[in-house]
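One-letter residues, chain by chain:
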Amino acid sequence: MACRPLVSVYSEKGEATGTAVKMPAVFQAPIRPDIVGSVHMDMLKNGRQPYAVSTKAGHQTSAESWGTGRAVARIPRVSGGGTNRSGQGAFGNMCRHGRMFAPTKTWRRWHRRINVNQRRYAICSAIAATGIPALVMAKGHCIEEVPEIPLVLTDKVQTLTKTKEAVGVLRKLKLWREIEKVKSTRRFRAGKGKMRNRRRIQRRGPVIIYSQDNGICRAFRNIPGVTLISVDRLNLLKIAPGGHVGRLCVWTESAFKKLDSIYGTWKKASEQKTDYNLPMPKMTNCDLSRLLRSDEIQKALRPPKKGVSRRVLKRNPLKSIAVLSKLNPYAVVEKKLAKLVEKQQKKKRQELLDAKRGLATVDTTACGGKSRPREPVTKAPSTKERREKKGKKDDA
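Residues numbered from 1 in each chain as written. Predicted model: local features only at pLDDT ≥ 70, side-chain atom pairs only at ≥ 80, totals over all residues. Heavy atoms only, no water.

J.: Explain the overall build of the chain to me, please; I cannot follow it from the model alone.
T.: The number of helices and strands found in the chain is 14 helices and ten strands. Judged by the C-alpha coordinates and their principal axes, the chain covers about 150 × 95 × 55 Å. By residue count, 31% of the 396 residues in the chain fall in the buried class. Within the chain, counting contacts between residues at least 6 apart in sequence, those at least 24 apart form 59% of the total. Taken as a whole, the chain presents about 28000 Å² of accessible surface, with 52% of it coming from carbon and sulfur. For the chain, the distance from the average position of its 85 positive side-chain charges to the average position of its 31 negative side-chain charges is 9 Å. (Helix = DSSP H or I, 4+ residues; strand = E, 2+ residues; numbered from the N terminus. Buried < 20%, exposed > 50% of the residue type's maximum accessible area, 1.4 Å probe, protein only. Contact = heavy atoms within 4.5 Å. Areas by Shrake-Rupley, 256 points an atom, 1.4 Å probe, with all protein chains shown as cover. Lys, Arg positive; Asp, Glu negative; His and termini not counted. Charge placed at Lys NZ, Arg CZ, Asp CG, Glu CD.)

Below, the structure is given as structure tokens:
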């Protein structure tokens, strides 16, 4: 929310006049983008016109089902002969030249009722957002060289009647860059709207809010992107187009002063709206970091936990000997004894087998305890050795 007490007034030459205007209370209203978005959507729905297809569409033919027994679908078919139309399916939404599924009707619920208080809350939030430069820049407006936000001009601007004079005012106020940006975005609409008298689309530029039309509408109406609106008829669709807050607003001095009488303050009710006061903000102090550092909150907080406790992965003691030894230190000794008993039993079984086979028991520790060493197998003599041995026998 904009919380400056005074706002400078600028002339049509872009110079500060030296006078200041008190900031209206509506600029301190809470900004609720959720309310703005929902109310904007409902207001857009209220501008729709009913439409529907003809009740006769798809049924303007004589068609009757052939029934069962002819190995074809039971969809109604066009009667007659001598043309390719005869025998074609009709009426159904899956048929060529058939009706649509669930034909649209004019008695659809087109419009939405909007609570008056919600509508007023939304417009107050949209006006308050126009006074915050960060939100205006986030909307895409070029305000780097603009002298002040919100921008207030003298009432002499309301008497302009020539577009050339209006262009000069925008150039002096460093707003012409915004107009050039709008002109660069002018393009053809995508879709069938090109055939419905709305061929081109463009971005939105600044909105000029005046109190009395003494020629200002005629001067600014031909500049692309500029919207003119009276302060007595502020519209959410113009102040927050698309349901997004933060449009660039240029106020005249009389219109800016009139806001307190239209929307009132927290001390004084509105003069034009019956028993209406501005919405109260949820937080009286929006400086959250200062609130968290206050003594009242710091006393209620517990001291920070400095010790870091890391979560230990639970392991299965039946699979991990390290975890098992923590639970039962004697388990390591039991495991070693079990291996020793197994080794002794294995040795006894081997001795019994060797005794039955008539073999001498060999100590396995000599070969590292891996297996019983086998006796070397005699190598068979080669063919050459056999021939030599046979030749010696013949000579003898």
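J.: Can you walk me through the packing of helix α1 (residues 33-45) against helix α2 (residues 116-129) in this structure?
T.: Each pair of packed helices can be summarised by the angle the axes make with each other and by the distance between the axes. Contact geometry for α1 and α2: axes closest at 9 Å, N-to-C directions at 120 degrees. Comparing their axes, α2 and α1 come out oblique. By crossing handedness, the relation of α1 to α2 is classed as left-handed. Of the residues in α2, those in contact with I35, V36, V39 and M43 of α1 are Q118, R119, Y121, A122, S125 and A126. Residues belonging to the contact of α1 with α2 are distributed by class as follows: seven nonpolar, two polar and one charged. (Axes fitted to C-alpha atoms, helices over the stretch in contact; angles between N-to-C directions. Parallel < 35°, antiparallel > 145°, perpendicular 65-115°, else oblique. Left-handed = near helix turned anticlockwise from the far one by under 90°. Nonpolar A, V, L, I, M, F, W, Y, C, P; charged D, E, K, R; others polar.)

J.: Can you help me understand the sheet that holds strand β9 (residues 227-230) in this one?
T.: Through backbone hydrogen bonds, the strands of a sheet pair up, either in parallel or in antiparallel fashion. Taken in spatial order, the six strands of this open sheet run β2-β1-β5-β10-β8-β9, and their pairing is mixed. Each edge of the open sheet is held by one strand with a lone partner, namely β2 (16-22) and β9. On average, each strand axis in the sheet is tilted by 30 degrees relative to the strand beside it, whichever way the strands run. Inspection of the sheet shows strand β1 (residues 6-10) paired to strand β5 (residues 151-153) by two bridges, in the parallel sense. Note on β5: the bridge partner recorded for Y10 is L153. (Pairing = 2+ DSSP bridges.)

J.: Is there a simple way to explain α2 in this structure?
T.: It helps to recall that an α-helix has 3.6 residues per turn; residues three or four apart then point in one direction. When the terminal C-alpha atoms of α2 are compared, their 20 Å separation across 14 residues agrees well with the 20 Å that a helix rising 1.5 Å per residue should span. Buried residues along α2 sit against α1, α3 (133-138), α7 (236-239), β10 (249-252) and α9 (259-263). (Expected span 1.5 Å × (residues − 1).)

J.: Quick question: what am I supposed to make of the pairing of strand β8 (residues 207-210) here?
T.: Strand residues, when the strand is regular, have side chains that alternate between the two faces of the sheet. Side chains of β8 alternate between two faces, with V207 and I209 and I208 and Y210 buried alike. Of the strand pairs in this sheet, β8 and β9 are connected by four bridges, and their pairing is parallel. Its bridge partner lying in β9, I209 is registered against I229. Sheet topology note: the β8/β10 ladder contains three bridges and is parallel. Paired with I209 across the strands is W251, a residue of β10.

J.: Teacher, can you tell me more about empty space enclosed by the protein here?
T.: The probe, sized like a water molecule, is rolled over the atoms to show the empty space still left. The final tally for this structure, using the stated rule, is one cavity of 30 Å³ or more. Here the largest cavity is characterised by a volume of approximately 40 Å³. Taken together, L153, V157, L170, L173, L175, I208, F220 and V250 make up the full set of residues lining the largest cavity. Partitioning the lining of the largest cavity into residue classes produces eight nonpolar, no polar and no charged. (1 Å grid on protein atoms, 1.4 Å probe; cavity = no way out; pocket = protein on both sides within 12 Å on 5 of 7 lines; lining within 4 Å. Points joined across faces, edges and corners; volume = space filled by probe spheres on them.)

J.: Looking at this model, I keep getting lost on the packing of aromatic side chains. Mind explaining?
T.: How two aromatic rings sit relative to each other is set out by the distance from centre to centre and by the angle between their planes. Applying the stated criterion across every chain, the model contains four aromatic pairs. Their ring planes at 45 degrees and their centres at 5.5 Å tell us that F27 and F256 sit as a pair that is tilted. Of this pair, F27 sits in the loop between β2 and α1 while F256 sits in helix α8 (residues 253-257), and the two are 229 residues apart along the sequence. The same class applies to F27 and to F256, which are both buried. Between W251 and F256, the aromatic rings sit 5.8 Å apart at their centres with planes inclined by 70 degrees, giving edge-to-face as the arrangement. Accessibility assignment for this pair places W251 and F256 in one class, buried. Through pairs of rings, three or more aromatic residues link up here, namely F27, W251 and F256. The ring of W66 is capped by R70, whose NZ or CZ atom sits 4.1 Å from the centre of that ring. (Phe/Tyr/Trp six-rings, centres within 6.5 Å; stacked < 30°, edge-to-face > 60°. Lys NZ or Arg CZ within 6 Å of the ring centre and 35° of its normal.)

J.: In this structure, what is going on with the environment of M280? I would like to understand it.
T.: Along the chain, the position of M280 falls in the loop between α9 and α10 (288-292). When residues no more than four places from it in sequence are discounted, the contact partners of M280 are P30, Y121 and W266.

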